[in-house]
Amino acid sequence: MSPALAKSVEDYHKGVKYLHESGIQRVPKKYIFPISERPNSSYTINGKPKMSLPIIDFSQLHGPNRAQVLDSLSYACENYGFFQLVNHGIPEEVIRSMVDVGGKFFDLPLVEREKYMTTDMTTPVRYGTSFNQTNDGVFCWRDFLKLVCEPLHDVLPHWPSSPSDFREMAIAYSKETKILFIKLVEAILESLGINVTTKNKTQQQNDDVEEILKEFEDGSQLMAINFYPPCPNPNLTLGMPPHSDYGFLTLLLQDEVEGLQVKFNGDWVTIQPIPGSFVVNVGDHLEIFSNGKYKSVLHRVLVNSLKSRISVASLHSLPFNSIIKPSPKLISENNPKLYKDTNFAAFLEYIKSCDSTNKSFLETRKLT
């Protein structure tokens, strides 16, 4: 390998913020997607390039409109795989501080950020670039910091200590999103008919639901802080390629810059950010758990030439060593089991050896 080529490879692995700050005028060949995969004007729906997701008002779940909200939640998970969550109860200060401190981390000199760079997907902290930089043939225009959040007392010493308030803000945010996730799981179980509140519910049924919720309380949480700097040729590349999330639910916090696109009725549609809200999406594990009723949907990220964008994804599921399988309560003679049992280890092995974009892993879990 020539010295010039070796240096270009090294530069790719330093991330896109490094490339942006170096003043490049054109996207390097390594980031140029095939023509069929590039963003284009075909992501319209009914002539409009943007779409509003179903909006779930979380505060209404605990009042007289609970049944209607659960119906809306079920409809969103079945037909969109996504919804916007408003009035969720997480203080505005916690949300704003997480976005701010995430931005400050990416403003650190590269020598500081590089301390956390590794290709080991099992480490508590991982700074990297692209989607899966070990396997990616084409790189995408994203840098990220991933934090394992459970068990907090074990992983916290590994989290970045700079900026000085990073750990404090990230702890507050991770705890708040975990509480919100558990409340959402309760509502989702009820929307699936598993946790229905009735006077006739038996003690065994109560115990079953409590056992499920306890598993989620002890479950996995991974936080990914994503940074997308301005790109000189946003029409040639993507911030993230089409993919589905492997977990149960993802709670995504965005800044005001558009970028997230969802596959809906065969088209890519841009999701308009709602300040202070979360975009919540069904993950592969929930599709499996619901035996296919709720859909884990493809999504991707566009970049632009003018503004950087930050998002914070909080991915939640059962513990890493748990078996993910369709709920027995949703399987019957008329609704047979559609997915194989799986676990996190199987997912890790898959993404180490295969293309983990699109819904390729979930496809391998299907029985029919």
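No experiment lies behind these values; they were computed from the predicted model shown. In this numbering scheme, every chain counts its residues from 1 along its sequence in written order. Predicted model: local features are reported for residues with pLDDT of at least 70 only, side-chain atom pairs are reported and counted for 80 or more only, and whole-chain, interface and lining totals are derived from all residues. Note that the side-chain values use all heavy atoms of the structure and ignore hydrogens as well as water.

Asks: For this particular structure, what's the right way to read the overall build of the chain?
Replies: Helix and strand counts for the chain come out as 11 helices and 13 strands. Throughout, exposure labels follow a simple rule: accessible area from a 1.4 Å probe, protein chains only, divided by the maximum for the residue type, with under 20% read as buried, over 50% as exposed, and the rest as partly exposed. For the chain, with 368 residues in total, the buried portion stands at 54%. Partitioning the intrachain contacts of the chain with sequence separation of at least 6 by distance along the chain shows that 78% fall at a separation of at least 24. With the model as given, the accessible surface of the chain reaches about 16,600 Å², and the carbon-plus-sulfur share is 52%. Working definition: helices are DSSP H or I runs of at least four residues, strands are E runs of at least two. Numbering for both runs from the N terminus. By the convention used here, residues are in contact when the closest approach between their heavy atoms is within 4.5 Å. Working definition of accessibility: Shrake-Rupley area with a 1.4 Å probe, residue cover restricted to the visible protein chains.

Asks: What is the right way to look at the nonpolar core in this model?
Replies: It is characteristic of soluble globular proteins that their nonpolar side chains tend to be buried jointly. Residues F83, L85, L145, W159, L184, L249 and F278 are the most contacted members of the largest nonpolar core, which totals 91 residues. Element by element, the count of residues in this core is highest for helix α7 (residues 166-191), at 13 residues. Not counting chain neighbours up to four residues away, the residues in contact with L184 comprise F58, F83, L85, L249, L251 and V280. Buried residues of nine kinds, namely Ala, Val, Leu, Ile, Met, Phe, Trp, Tyr and Cys, make up a nonpolar core once their side-chain atoms join them within 4.5 Å. Grouped together as the second largest cluster of nonpolar side chains are 16 residues, L19, Y228, M240 and V301 included.

Asks: How should the side chain of S191 be read in this particular structure?
Replies: With respect to the helices and strands, the residue S191 is situated in helix α7. Residue classification places S191 among the buried positions, given a relative accessible area of 13%.

Asks: What exactly am I supposed to notice about the packing of aromatic side chains here?
Replies: Geometrically, a pair of aromatic rings is defined through the distance of the ring centres and the angle of the planes. Each pair of aromatic rings taken from Phe, Tyr and Trp, with Trp reduced to its six-membered ring, is defined by centres within 6.5 Å and is described as stacked if the planes are under 30 degrees apart, edge-to-face if over 60, and tilted in the remaining cases. One pass over the structure, following the stated rule, counts 14 aromatic pairs. Ring geometry for F181 and F216: centres 5.7 Å apart, planes at 75°, overall edge-to-face. With F181 in helix α7 and F216 in helix α8 (residues 203-217), the pair connects residues that are 35 residues apart, well separated along the chain. Taking the relative accessible area as the measure of exposure, F181 reaches 0% and is therefore buried.

Asks: What am I meant to see in the sheet that holds strand β9 (residues 260-264) here?
Replies: Each strand in a sheet pairs with its neighbour through backbone hydrogen bonds, running either in the same direction (parallel) or in the opposite one (antiparallel). We call two strands paired when DSSP finds no fewer than two bridges between them. Within the open sheet, the five strands sit side by side as β1-β10-β9-β12-β7. Their pairing is mixed. Each edge of the sheet is formed by a strand with only one pairing partner; in this case those strands are β1 (50-51) and β7 (240-243). Note: β1 against strand β10 (residues 267-271), two bridges, orientation parallel. Considered in β10, the bridge of K50 is made with T270.

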